[in-house]
Amino acid sequence: MTTTPSKRQEVRDEDHRLFTRAGVDTLTVGVFTWPVPQPGPDTYDFTVLDRILDRAAAEGRRVCLATGTAALPPWLATSPGPPARPEPTWT
């Protein structure tokens, strides 16, 4: 399912309204977002992340910035070469 930027913004607006109502003061950001700031192997765009962090700061919320590695970007998941998620080697 593809959503439009305006629909995603509506969802974020509602999220923040509910955060305020529930007294949420800390947000975990970026857990599933790797494809957003890096849509291609050599392409970076932090616009969305910047907006989210700016809004959190403006609303007095703290942020726990996670690595976005919980969701691989399609360009990495389908790239040739070593597996994108190799099995760990415990020593």
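This text gives an overview of the structure that appears in the document. Note that the structure is a prediction, hence the values are computed from the model and not measured.

Criteria and cut-off values
- Residues numbered from 1 in each chain as written.
- Predicted model: local features only at pLDDT ≥ 70, side-chain atom pairs only at ≥ 80, totals over all residues.
- Heavy atoms only, no water.
- Helix = DSSP H or I, 4+ residues; strand = E, 2+ residues; numbered from the N terminus.
- Rg over C-alpha atoms; globule rule 2.2 N^0.38 Å.
- Contact = heavy atoms within 4.5 Å.
- Polar contact = N/O pair within 3.5 Å; in protein donor to acceptor, adjacent residues only side chain to side chain.
- Pairing = 2+ DSSP bridges.
- Right-handed = clockwise from strand over helix to strand, strands pointing away.
- 1 Å grid on protein atoms, 1.4 Å probe; cavity = no way out; pocket = protein on both sides within 12 Å on 5 of 7 lines; lining within 4 Å.
- Points joined across faces, edges and corners; volume = space filled by probe spheres on them.
- Nonpolar A, V, L, I, M, F, W, Y, C, P; charged D, E, K, R; others polar.
- Salt bridge = Lys/Arg side-chain N within 4 Å of Asp/Glu carboxyl O.
- Buried < 20%, exposed > 50% of the residue type's maximum accessible area, 1.4 Å probe, protein only.

## Some words on the overall build of the chain
Phase 1 of the analysis: Along the chain, the regular secondary structure elements total three helices and two strands.
Phase 2 of the analysis: Going residue by residue from the N terminus, the α and β elements of the chain occur as α-β-α-β-α.
Phase 3 of the analysis: Here the C-alpha atoms of the chain give a radius of gyration of 16 Å, more than 25% beyond the 12 Å that 2.2 N^0.38 yields for 91 residues.
Phase 4 of the analysis: Restricting to contacts in the chain with at least 6 residues of sequence separation, those with at least 24 account for 74%.

## A few points about the side chain of arginine 61
Phase 1 of the analysis: Within the secondary structure, arginine 61 is located in the loop between helix 2 (47–58) and strand 2 (62–65).
Phase 2 of the analysis: Polar side-chain contacts of arginine 61 include one of 2.7 Å to the side chain of threonine 20.
Phase 3 of the analysis: Ignoring anything within four residues of it in the chain, the contact list for arginine 61 reads His16, Phe19, Thr20, Val24, Asp25, Leu27 and Ala56.

## As for the pairing of strand 2
Phase 1 of the analysis: By the bridge criterion, four bridges tie strand 1 (residues 26–29) to strand 2 in an arrangement that is parallel. Note on strand 2: the bridge partner recorded for threonine 28 is cysteine 64.
Phase 2 of the analysis: Crossover handedness for the path strand 1 to helix 2 to strand 2: right-handed.

## A closer look at the layout of surface pockets
Phase 1 of the analysis: Volume-wise, the largest pocket comes out at about 740 Å³.
Phase 2 of the analysis: In terms of residue class, the lining of the largest pocket is made up of 13 nonpolar, seven polar and five charged.

## Digging into the side chain of glutamine 38
Phase 1 of the analysis: Here glutamine 38 shows up in the loop between strand 1 and helix 2.
Phase 2 of the analysis: A distance of 2.7 Å separates a polar atom in the side chain of glutamine 38 from a polar atom in the side chain of tryptophan 34.

## Side note on the pattern of salt bridges
Phase 1 of the analysis: Under the definition given, this model contains six salt bridges.
Phase 2 of the analysis: Put simply, arginine 62 and aspartate 25 hold a salt bridge, and the shortest N to O gap is 2.8 Å. Of the two residues, arginine 62 sits in strand 2 while aspartate 25 sits in the loop between helix 1 (5–22) and strand 1, which places them 37 residues apart along the sequence.
Phase 3 of the analysis: When its relative accessible area of 39% is taken as the criterion, aspartate 25 is described as partly exposed.
Phase 4 of the analysis: Linking glutamate 59 and arginine 61 is a salt bridge whose minimum nitrogen-to-oxygen distance equals 3.0 Å.
Phase 5 of the analysis: Of the residues examined, glutamate 59 reaches a relative accessible area of 34% and is grouped as partly exposed.

It is worth stressing that arrangement in space is one thing and function is another; only the former is reported here.
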